[in-house]
Amino acid sequence: MKKTLVTIIIFLTVFSTACVNDTGGPGGEDRMDWWRDARFGMFIHWGLYAVPAGEWDGTTNHAEWIRTTAQIPLETYDGFVEQFNPVAFDADEWVKMAKNAGMKYIVITSKHHDGFCLFDSEYTDFDIMSTPFKRDILKELADACDREDIVICWYHSIMDWHHPDYLPRRNWETDRSTEGADFDRYVEEYLKKQLAELTGNYGRIGVLWFDGEWEDTWTHERGVDLYNYVLGLQDDIIINNRVDKGRQGMAGMTAGDEFRGDFGTPEQEIPARGLPGVDWETCMTMNNHWGYNKFDDNWKSSGELIQKLVDIASKGGNFLLNVGPKADGTFPQESIERLKAIGDWMDIYGESIYGTTASPFSDIEWGRCTKKQVGKNTRLYLHVFDWPEDNKLTVPALENKLKKAFIMDGMAGADFEVQDDRIIIDLPETPPDDYCSVIILDVKGIL
Ligand code: H79
């Protein structure tokens, strides 16, 4: 009898723990909830590479990869440490720009492939404390995020072109011997210990965003081990799929269930269709580079960026939009302007993005749709990119009864006519927004 009771208690404990840790698809209460609601975050690529600002020896197409793309010897690259002095850096200002743009989280490079650490690390001198600046940038940002209710997250490269134990060397690096190098030691004594610092010294961390996992030295077994290790450090942290070997190219989705990672990471692209029940986040630059490149003027317009955010939300994904700050600690003016324009749009239309799920329609020619459950009913947000010339918006028919239609900016009611295979909504003559106006449909029941 006693034995049965103990068994039941053990079973219940294990079962309830399994529920708390559930990382399954949308629906259940789990550690992905805040991230799914957030929909929009800021990526920040910042490090020593901001000093050369994309230029080396007359070539101007570099950025955060510059040590490799320009084949800069290690000692030469180390010279940037003395030049990195971002005196204009103001963590509160950065965080406010993200917040005013409508972003809910920030992912910043604690360490990129070059190995330079933006934080005070006990395990290397190749960090911010060796620069004239000597201020822990991650600490200042984490504190500022705390004040503004923004979730701080780290991008941490597995690949490391600086640490002597990291393998392989770049094939052009003939001057760096591999003698005595020990990849296991790199993982156990360096990578993991830095991750303990990053999860131990800065409060709650939202996401650990790994990268550089495609190198031959990184294996599925190492991915599983690192995933479990990080969850052991903070049990509600979210970890991207680049911790393991399951990422399928730049399209970024995970190949199969055996691979770890809480979300897919399409890079510089938006999947043609989302995948129900699968979490993913598109990361994208505003121009052509992640790190600061002073020559790159191929900026996407604010309208394009707003439409990309909407497109991604309509497919059930998140948008991680990048800023590459300058070496003085300021954002490029073009980025500031775009963040402001997106923020102006989000001030009015944010509700049509946050906490929404993918569109019930597969193709609509005039724009996109997002969806939200409101009590026992459903609210559809019709995002109109191309305002119809006859001011009549055609929507595919719904099985559920359409209760009301509104123009979102101002909430004026709109007349509609339900036909057999479609709904026609009467729109005003001019779109309320230049890039994307939103019409709300309140529908009875759950769609
Ligand atoms: O930090 C930014 C870039 O510096 C970094 N990721 C973003 C977020 C990045 N590192 N490398 N790349 C982007 C491009 C790498 C592409 C490839 Fe591969 C690596 C081509 C082959 C190996 C990944 C794995 C893509 C295809 C297979």
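Procedures and definitions
Residues numbered from 1 in each chain as written. Predicted model: local features only at pLDDT ≥ 70, side-chain atom pairs only at ≥ 80, totals over all residues. Heavy atoms only, no water. Pairing = 2+ DSSP bridges. Helix = DSSP H or I, 4+ residues; strand = E, 2+ residues; numbered from the N terminus. Axes fitted to C-alpha atoms, helices over the stretch in contact; angles between N-to-C directions. Expected span 1.5 Å × (residues − 1). Buried < 20%, exposed > 50% of the residue type's maximum accessible area, 1.4 Å probe, protein only. Arc of directions from axis to C-beta. Contact = heavy atoms within 4.5 Å. Near = heavy atom within 4 Å. Polar contact = N/O pair within 3.5 Å; in protein donor to acceptor, adjacent residues only side chain to side chain. Nonpolar A, V, L, I, M, F, W, Y, C, P; charged D, E, K, R; others polar.

Caption draft 1: How the structure looks around the sheet that holds strand β10 (residues 392-396). As summarised here, the arrangement of the three strands in space is β10-β14-β13, forming an open sheet in which the pairing is antiparallel. What marks the edges here is a single partner per strand, and that holds for β10 and β13 (416-418). Geometrically, the sheet is characterised by an average inter-axis angle of 20° between neighbouring strands, direction not taken into account. Bridging between β13 and strand β14 (residues 422-426) involves three bridges; their strand directions are antiparallel. By the bridge assignment, Glu417 is partnered in β14 with Ile424.

Caption draft 2: The arrangement of helix α7 (residues 137-148) in detail. Taking 1.5 Å of rise per residue, 12 residues should cover 16 Å, and α7 covers 17 Å from first to last C-alpha, within 8% of that figure. Those residues of α7 not exposed but buried are Ile137, Leu138, Leu141, Ala142, Ala144, Cys145 and Glu148. Buried positions in α7, seen along its axis, are confined to an arc of 165° and lie on one side of it. Away from the buried face of α7 by more than 90 degrees, exposed residues Asp146 and Arg147 are located. Taken together, the buried residues of α7 touch α6 (91-100), β2 (105-111), β3 (151-157) and α8 (183-200). At the exit of α7 stands Asp149, carrying a positive phi of roughly 60°.

Caption draft 3: Representation of the site of the ligand within the structure. Surveying the vicinity of the ligand reveals 15 residues, the closest of which are His45, Glu64, Trp65, His112 and Asp211. Glu64 has a polar side-chain atom sitting 2.6 Å from an oxygen atom of the ligand. Separating an oxygen atom of the ligand from a side-chain N or O atom of Tyr155 is a distance of 3.3 Å. Classifying every residue of the shell around the ligand by side-chain character gives six nonpolar, four polar and five charged.

Caption draft 4: View of the environment of Gln234. When you line up the elements, Gln234 lands in the loop between α9 (220-233) and β5 (238-239). Residue classification places Gln234 among the buried residues on the basis of a relative accessible area of 11%. Taking C-alpha positions, Gln234 is 38 Å from Ala70, a pair spaced 164 residues apart along the chain. Those residues within four positions of Gln234 in sequence are excluded, and the remaining contacts are Thr199, Gly203, Arg204 and Ile205. Here the side chain of Gln234 touches Ile205 through a polar contact of 3.0 Å, landing on its backbone nitrogen.

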